[in-house]
Amino acid sequence: MRKMKYVIVGNSAAAIGAVEGIRKSDKESPITLISDEPYHTYSRPLISYYLAGKVSQEKMYYRKPDFYSQNGVEAILGVKAEKLNTAERIVTLADGRSIEYDKLLISTGGRPFVPPGLDVNKLNTFSFIKLDDVKAIEKLAKPGSKTVIIGAGLIGLKAAEGLAKLGVDITVVELANRVLSAILDEEAAAFVQQQLEEHQVKFELNTTVDQVLGNEQVTGVTLKNGKQLDCDFLIVAIGVVPNTELVKDTDVRVNRGIVVDDSMATNVSGVYAAGDVSEGYDLIYKTQRVLPILPNAYQQGENAGENMAGAEKAYKGGFAMNAIGFFDYPMITAGIIKPEGDDFEILVDSDSEGKSYKKIVLKNNTVVGFIYLNKVDRAGIVRGLIREEADVSKFKAELLKDDFGYINMSSEERAAKLLKGGRSA
Amino acid sequence: MKRVFAKEEYCVGCRVCEVHCVVAHSDYKDDIVKAFTKQNPRPLPRIIVEENRPVSFALQCRHCEEAPCTKACITGAMQKDPITGVVSNEEDRCVGCWTCILACPFGAIARDEQGRKVASKCDLCSDNDYAPACVKHCPNAALVYEER
């Protein structure tokens, strides 16, 4: 095999997936990995655990310390890839170096979304995505200090949980009518909000920040609902958008993210994209969508790597799915959780005393989404049914039961799924 | 690789496999009584018996070739051994986020919240030099350990 020059920009789940994908077949060719962060690959979702003191920085590594050397990766860390020339196949770094590639993966992730007009330039204003964000926040997060978090999504609420454990006085401001509006309906969101409120997290829903107060440094915010909140620091967690800066002024096609086909290739020869920066196929919505979640990033990255190394392997696509918890209250959700239109059938089992909630959304007798609160065991079986687009009409009545499992399927179906072992799961 | 397969026509739903799974993952690997009386907290069974009379069968991790749990794991704790094929969770690095439970299409990963929260799953008794304990102790040979 002719040696390839592989270049990967990024150092998180998609980038690591690509290294592992390339090395499935090509053990020889050099891989250069470039990241503007100075750290060995680490798990981004662990930053809230780090902040709460549950995981040390040494334990945050996403792959073992010898990962790069074991995989023949030259890691250029702490240097930003600034320019891409797709005609000459060169990436230019902030320190002036030029790196040539035959196959390039852009896995630059997301960057914080900041709505127009919101002042995020004052001191003590942070996002909550990278390790450096929490390293700065931890200096201010003292018992009794005050913070305002803008956004009650996954990132905002994980920040709130971490900070609450440190005794910080927290108010979360959210434009939507509920917490976690992307993954929970109103009823489920009320359970989760109550859980957080029991741990002294306060909420201002249906409103947003009007003005950020203070001169050089944040001292508080005013809200559109007229209230004013004092704070020592401000966390902006409204969302992430694809970090497509590197392909600006190139021919690489960008819609919301970098558009990729089922081999993670962009429209430009030799250039691939994966993870939060990309816009790949969503197999529930059956359209291109940005899916900024770690499992999808890894799988897209792995698939990109396999294809960069010459395999012709299609990635079937991903869909939204999250497992998350707050103060030991777990939830697992996937797909369409609050459908609009008449084509959907909804199954619900709500238990306010047990603080549990299960909702399954069906379309044409296939599962297209679910919410499991508190009772999350074996949720993956239902996720698998979504992925397979399985007809569930024969066991629909059993789906919500706590002991739902393979026993509820016909013996033929069960045999087909279980007896082949794990060969094509 | 060899995996454990259930023969549901032989399974009587006695759950002896669960008992021996607990013992095999305790500090008293050859002593049921001590495993159940002395060890606290006791390990969870890493095998699930599904039952709807008259049908029953035991199910554990399939050690998938393309294991979704390893790809979904947010910390890198869940890994498939490239040589043995065994999928195992490095509990020291697991934070109990349950993304693997979301990912596993077999529902074969359990939440262990007895100490630090960690994902608990079949390791094919990799610490032992004999067949997995569930297979060895099944009284009706309803579990087999073989290549397919």
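No experiment lies behind these values; they were computed from the predicted model shown. (Residues numbered from 1 in each chain as written. Chains lettered and ligands numbered in written order. Predicted model: local features only at pLDDT ≥ 70, side-chain atom pairs only at ≥ 80, totals over all residues.)

**Student:** Help me get a handle on the overall build of chain A, residues and values and all.
**Tutor:** Within chain A, the regular secondary structure consists of nine helices and 26 strands. For 425 residues, the compact-globule formula gives about 22 Å, and the C-alpha radius of gyration of chain A, at 23 Å, lands near that figure. Within chain A, counting contacts between residues at least 6 apart in sequence, those at least 24 apart form 63% of the total. (Helix = DSSP H or I, 4+ residues; strand = E, 2+ residues; numbered from the N terminus. Rg over C-alpha atoms; globule rule 2.2 N^0.38 Å. Contact = placed C-beta atoms within 7 Å.)

**Student:** Any chance you could break down the overall build of chain B for me, citing the residues and the numbers?
**Tutor:** Within chain B one finds five helices and eight strands. Listing the helices and strands of chain B from first to last along the sequence gives β-α-α-β-β-α-β-β-α-β-β-α-β. Taking 148 residues into account, the globule formula puts the C-alpha radius of gyration at 15 Å, and chain B, at 15 Å, falls close to it. A principal-axis box enclosing the C-alpha atoms of chain B has dimensions of 40 × 40 × 30 Å. Across the 148 residues in chain B, those meeting the buried criterion constitute 49%. Of all intrachain contacts in chain B linking residues separated by at least 6 positions in sequence, the fraction that spans at least 24 positions is 57%. (Buried ≥ 20, exposed ≤ 12 C-beta atoms within 10 Å, placed from the backbone.)

**Student:** Could you give an account of the sheet that holds strand β2 (residues 31–35) of chain A, with specific residues and numbers?
**Tutor:** All names here are of chain A. The five strands lie next to each other as β3-β2-β1-β7-β19, forming an open sheet whose pairing is parallel. Here the strands that pair on one side only, and so sit at the sheet edges, are β3 (73–77) and β19 (271–273). Strand-to-strand twist across the sheet, computed as the mean angle between neighbouring axes with direction ignored, equals 20°. Pairing geometry for strand β7 (residues 103–106) and β19, over three bridges, is parallel. Within the sheet, the bridge partner assigned to L104 lies in β19 and is V271. Where helix α1 (residues 13–25) meets the sheet, its contacts fall on β1 (6–9), β2, β3 and β7, and the angle it forms with β1 comes to roughly 160°. (Pairing = 2+ DSSP bridges. Axes fitted to C-alpha atoms, helices over the stretch in contact; angles between N-to-C directions.)

**Student:** I'd like a description of the packing of α1 of chain A against helix α7 (residues 294–308) of chain A, backed by residues and values.
**Tutor:** Residues and elements named next belong to chain A. The N-to-C vectors of α1 and α7 enclose an angle of 35°; their axes lie 6 Å apart at closest approach. Crossing of α1 against α7: the hand is right-handed. Judged by residue contacts, A13, A14, A15, I16, G17, A18, V19, E20, G21, I22 and K24 of α1 engage L294, A297, Y298, Q299, Q300, G301, E302, N303, A304, G305, E306 and M308 from α7. In terms of residue class, the contact of α1 with α7 is made up of 12 nonpolar, seven polar and four charged. (Left-handed = near helix turned anticlockwise from the far one by under 90°. Nonpolar A, V, L, I, M, F, W, Y, C, P; charged D, E, K, R; others polar.)

**Student:** Please provide a residue-by-residue account of the nonpolar core, values included.
**Tutor:** If you look at the biggest cluster of nonpolar residues, it comprises 171 residues, and the most contacted ones within it are L105 of chain A together with C100 of chain B. Among the elements that line this core, the one with the most residues is α1 of chain A, at seven residues. For L105 of chain A, the residues in contact, after removing those within four places along its chain, are I8, V9, A18, Y272, A273, A274, A304 and M308 of chain A. (Core = buried A, V, L, I, M, F, W, Y, C linked by C-beta atoms within 7 Å.)

**Student:** Could you give an account of the sheet that holds strand β26 (residues 366–373) of chain A, naming the residues involved and the relevant values?
**Tutor:** Residue and element names in this part refer to chain A. Across the sheet, which stays open at both edges, the five strands sit in the order β22-β23-β26-β25-β24 with antiparallel pairing between neighbours. Every other strand in the sheet has two partners, leaving β22 (321–326) and β24 (344–351) as the edge strands with one partner each. For this sheet, the mean angle separating the axes of adjacent strands, direction not counted, is 10°. Here eight bridges tie β24 to strand β25 (residues 356–363), and the two strands are oriented antiparallel to one another. Residue V348 lies in a different strand from β25, and its bridge partner there is K359.

**Student:** Now, about the interface of chain A and chain B: what can you tell me, with residues and values included?
**Tutor:** With 35 residues of chain A in contact, the opposing surface of chain B contributes 32 residues. Of all elements in the fold, only α7, β22, β23 (329–335) and α8 (379–388) of chain A reach the threshold of two or more residues within the side of chain A that touches chain B. Here the residues of the side of chain A that touches chain B sort into 20 nonpolar, seven polar and eight charged.

**Student:** Which residues make up the confidence of the model for chain B, and what values do they have?
**Tutor:** Across chain B, pLDDT averages 95, with 99% of residues at or above 70. Across the interfaces of the predicted complex, the ipTM metric reaches 0.97, alongside a pTM of 0.96. (pLDDT = per-residue confidence, 0-100.)

**Student:** Outline the environment of L291 of chain A, listing residues and values.
**Tutor:** All names here are of chain A. Along the polypeptide, L291 turns up in the loop between β21 (287–289) and α7. Taking the C-beta count within 10 Å as the criterion, L291 has 23 such neighbours and is therefore assigned buried. For L291, the residues in contact, after removing those within four places along its chain, are D282, N296, G318 and A320.

**Student:** Before we move on, can you summarise the environment of G78 of chain A with the specific residues and values?
**Tutor:** Residue and element names in this part refer to chain A. Position of G78 relative to the elements: it lies in the loop between β3 and β4 (81–85). Overall, G78 belongs to the partly exposed group, with 13 C-beta atoms counted inside 10 Å. Separated by 44 residues in the primary sequence, G78 and I34 have C-alpha atoms spaced 8.1 Å apart. Setting aside its immediate chain neighbours within four residues, G78 contacts D36, E37 and P38.

**Student:** Please give an account of α7 of chain A that cites residues and values.
**Tutor:** The end-to-end C-alpha separation of α7 of chain A is 21 Å, in line with the 21 Å expected for 15 residues at 1.5 Å each. Trailing α7 of chain A by a residue or two, G310 of chain A shows a phi angle of about 105°, which is positive. (Expected span 1.5 Å × (residues − 1).)

**Student:** Any details on unusual backbone geometry? Residues and values, ideally.
**Tutor:** For the bond running from N40 of chain B to P41 of chain B, omega is 0°, close enough to zero to count as cis. When you line up the elements, P41 of chain B lands in the loop between α2 (32–37) and β2 (48–52). Its identity as a non-glycine residue notwithstanding, M264 of chain A has a phi of 70°, on the positive side. We note that H63 of chain B has phi near 50°; this positive angle belongs to a residue other than glycine.

**Student:** Explain the environment of I106 of chain A residue by residue, including any values.
**Tutor:** Residue and element names in this part refer to chain A. Inspection of the secondary structure assignment puts I106 in strand β7. On a C-alpha basis, the gap between I106 and A379 in space is 32 Å, while along the polypeptide they are 273 residues apart. Those residues in contact with I106, other than ones at most four positions away along the chain, are V9, L246, V247, I258, V271, A273 and V277.

**Student:** How would you summarise the pairing of β1 of chain A if you had to cite specific residues and measurements?
**Tutor:** Residue and element names in this part refer to chain A. With burial as the criterion, each face of β1 is covered, one bearing Y6 and I8 and the other bearing V7 and V9. Sheet topology places β1 next to β7; four bridges connect them, and they run parallel. In the strand pairing of β7, Y6 is matched with K103. Handedness of the crossover is the feature at issue here: the chain leaves β1, passes through α1, returns alongside β2, and the resulting connection is right-handed. (Right-handed = clockwise from strand over helix to strand, strands pointing away.)

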